[in-house]
Amino acid sequence: MDWIITTLKDYPELAIFLTLSLGYFIGKFKIGSFSLGTVTSVLLVGVLIGQLDIVISPNVKSVFFLMFLFAVGYSVGPQFFGGLKKDGLPQMLYAAVVCVLCLICPYLVGKIMGYDMGLTAGMLAGSQTISAVIGVASDTINQLSIPADQKAALINKIPVAYAVTYIFGTAGSAWLLASIGPKLLGGNLVEKAKELEIQLGGDAIGDDPSIASAYDRVIYNAYEIAAHSYACNKTVLDVENELESKGRRLFIQRIRRGKEIIDATPEFVIQENDVVALGGRREYMMNYVAVNEKEVLDIELLNFPVEVLSVLIVKKEVIGKTLADLRHLKYMHGVVIRSLKRSGIQMPILPNTVMQKGDMIELVGIKRDVDQVATHIGYPDRPTNSTDMAFVGLGIVLGGLLGALTVKIGGVPISLSTSGGALISGLFFGWLRGQHPTFGRIPEPALWIMNNVGLNIFIAVVGITAGPSFIVGFQEAGWGLFIAGAAATSIPLILGLLIGRYIFKFHPIINLGCAAGARTTTAALGALQDAVKSKTPALGYTVTYAVGNTLLIIWGVVIILIMS
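For clarity, every value in this text was computed on a predicted model and none was experimentally measured. (Residues numbered from 1 in each chain as written. Predicted model: local features only at pLDDT ≥ 70, side-chain atom pairs only at ≥ 80, totals over all residues. Heavy atoms only, no water.)

1. Digging into the confidence of the model for the protein
Confidence along the protein averages 83 in pLDDT terms, with 90% of residues attaining 70 or more. Every residue in residues 203–216 scores below 50 in pLDDT, and together they form 39 contacts with partners more than four places removed in sequence or on other chains. (pLDDT = per-residue confidence, 0-100. Contact = heavy atoms within 4.5 Å.)

2. What about the packing of aromatic side chains?
Enumeration over the complete set of coordinates arrives at 17 aromatic pairs. Centre to centre, the rings of Tyr541 and Tyr545 are 5.3 Å apart; their planes meet at 20°, and the pair counts as stacked. Among the aromatic residues, those joined into a ring-pair cluster are Phe70, Tyr74, Phe391, Phe428, Phe429, Trp431 and Phe439. For Lys234, the ring lying beneath its charged end belongs to Tyr230, and the centroid distance is 5.0 Å. (Phe/Tyr/Trp six-rings, centres within 6.5 Å; stacked < 30°, edge-to-face > 60°. Lys NZ or Arg CZ within 6 Å of the ring centre and 35° of its normal.)

3. Structural notes on the sheet that holds strand 10 (residues 378–380)
Strands belonging to one sheet form pairs held by backbone hydrogen bonds; the direction of such a pair is parallel or antiparallel. Pairing is antiparallel in the open sheet, where five strands are placed in the order 8-7-9-6-10. The strands lining the two open edges of the sheet, one partner per strand, are strand 8 (345–346) and strand 10. Pairing of strand 6 (residues 306–313) with strand 10 involves three bridges; the strand directions are antiparallel. By the bridge assignment, Ile313 is partnered in strand 10 with Gly378. (Pairing = 2+ DSSP bridges. Helix = DSSP H or I, 4+ residues; strand = E, 2+ residues; numbered from the N terminus.)

4. Looking at helix 17 (residues 444–502)
Its 59 residues give helix 17 an end-to-end C-alpha distance of only 39 Å, which falls more than 12% under 87 Å, the value for a rise of 1.5 Å per residue. The largest bend along helix 17 measures about 75° and falls at Gly478. (Expected span 1.5 Å × (residues − 1). Bend = angle between axes of the 7 residues up to and from the residue.)

5. Considering helix 7 (residues 132–142)
Counted residue by residue, helix 7 has nine buried out of 11 residues, so it is predominantly covered. Here helix 7 has its buried residues at Ala132, Val133, Ile134, Gly135, Val136, Ala137, Ser138, Thr140 and Ile141. (Buried < 20%, exposed > 50% of the residue type's maximum accessible area, 1.4 Å probe, protein only.)

6. Comments concerning unusual backbone geometry
Generally, phi is negative for residues other than glycine and the peptide bonds are trans, each holding for most cases. Although it is not a glycine, Asn233 adopts a positive phi angle of roughly 65°. Tracing the chain through its elements places Asn233 in the loop between strand 1 (218–225) and helix 10 (236–245). The backbone of Lys505 shows a phi angle near 55°, a positive value even though the residue is not glycine. The residue Lys505 is located in the loop between helix 17 and helix 18 (508–518) in this model.

7. What to know about the packing of helix 15 (residues 389–404) against helix 16 (residues 417–435)
Contact geometry of helix 15 with helix 16 gives a least axis separation of 7 Å together with a crossing angle of 135°. On the basis of their axis angle, the class for helix 15 and helix 16 is oblique. Judged by the sense of rotation from one axis to the other, the crossing of helix 15 with helix 16 is right-handed. For the pair helix 15 and helix 16, contact is made by Phe391, Leu394, Gly395, Ile396, Leu398, Gly399, Gly400, Leu402, Gly403 and Ala404 and by Ser417, Thr418, Gly421, Ala422, Ile424, Ser425, Phe429, Leu432 and Arg433, respectively. (Axes fitted to C-alpha atoms, helices over the stretch in contact; angles between N-to-C directions. Parallel < 35°, antiparallel > 145°, perpendicular 65-115°, else oblique. Left-handed = near helix turned anticlockwise from the far one by under 90°.)

8. Remarks on the pattern of salt bridges
A full pass over the atoms with the stated rule returns 12 salt bridges. For Arg256, the salt bridge is made with Asp298, and the minimal N-O distance between the two is 2.6 Å. Residue Arg256 is located in strand 2 (residues 251–257), and its partner Asp298 is located in the loop between strand 5 (293–296) and helix 12 (299–302); the two are separated by 42 residues in the primary sequence. You'll find Arg256 and Asp298 in the same group, each marked buried. A salt bridge links Arg257 to Asp274; the nearest nitrogen and oxygen atoms lie 2.7 Å apart. Within this pair, whereas Arg257 is found in strand 2, its partner Asp274 is found in the loop between strand 3 (260–263) and strand 4 (275–281), the two being separated by 17 residues in sequence. Ionic contacts of the salt-bridge type, sharing partners, join the residues Arg256, Asp298 and Glu300 into one network. (Salt bridge = Lys/Arg side-chain N within 4 Å of Asp/Glu carboxyl O.)

9. Here's the deal with the nonpolar core
With 126 residues, the main nonpolar core has Leu69, Phe70, Leu326, Ile361, Leu363 and Ile377 as its most contacted residues. With 15 residues, the top contributor of residues to this core is helix 17. Setting aside residues up to four positions removed in sequence, Leu363 forms contacts with Glu307, Val308, Leu309, Val311, Val335, Val336, Ile337, Val370, Val373 and Ile377. Judged by nonpolar contacts, the second largest core, of 16 residues, contains Ile252, Ile255, Phe268 and Val276. (Core = buried A, V, L, I, M, F, W, Y, C linked by side-chain atoms within 4.5 Å.)

Below you can see the structure in the form of structure tokens.
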């Protein structure tokens, strides 16, 4: 045991990875629907390992924290700037109002309880579940003109307050929004969610073959054309139009004529004894009854590749259009929409769901058809392991330089800090990627590493460094800090729901999604979707999430400045 302790002290990098391993392992466990989550688990494990008095260079956490903040901005940049347009402005304004409440409430609670800036900043981070505030507030404290030992004491209190208040910040937010929220918004939200789906065309989802949900599949069957078949001596386009007029949007993809297999074109004339590969959504194929055609097993004809391609929506001709509008465009022939993501959040696939710039849409169909659609709606996001590190490195450097600039107001030095600058840079570079998707690619797995591992290595170092003083700080804070944090969590959420209902007059389901997004609480979004049995709360989540993720992190600077 002594050898292990000595080794961890001599090689602190091993202590970091030990903290990550145990933290991620513990963070997976649930009691009912509650889980500590990875970040809190890593922090607590770091505190435990920190009792060994392991010294780690602060530069380690700074590097990973900048990487994390840039990734956060990059992820939400397209939605953040896209929300500035007319349709997104009410949600952006709502998110800004809720975020201001999320700053004011912890500040006032901290003043009432007599907390210093360290405990108050930690309470802000935990009660609003915004872990990045730990780093931003710490950076800001380091810039204050106070003795070094006082800085260290204040910074070490931040993770203490975060750990105490985070539990209710996460579980309490989900409970408030999923259980109390519906009562504040008139109740019976399951029915209201169904009504919203109908408004979005949800009642037509079963009749739209180019819009698919998770349980839908595209299938193809082969039919031999007889002399008295309607399709005989008709063009492919004529046959497909006739099928659609009868409520069956099916597509002819390939045709066998003798031993030759031919890719179907609209003007191709089908003849007697031809075998056609007819396909579409499963329910349409099940409803199709061959009258003057004979279904045959033609493995060679039906054995053709179907491409699944993610496309980043950037073209003006489809931005602001609904999925139903997209379906009726000529080039969508034979192509099915499989999923739609916005800021990494799965959006409901309903006919009247509106597409926004930066959305990631997943298409399924014959390669030539899918590729044609991709050229019209955006940029194909083909699988790759390569990250544009020149883009990432430049973005972090420019953001850090911006944040390092200091402006004196009333003799008080004010700056975004390098961490705040990295966030702003990430927003801009994420938006730039959406405008010009030919460069700046960060594959989703790489972005996950930057987001999750970047944050958790930072948190691990914070926990290990603060370990020796954590227990003392926890004892001094007491359970009063937990109650204070619960108040700081609950008041902004309750006021936010009421403001959304009576001032912004949002639909109740959208209101709940906006509240969850403004507080950047994904756990609450999941609880909401379970409570209302619908994915529609996500329609209010993404724009407000982009605003909330930006402002709440910046509040880490503001809370220190207004208390200094």
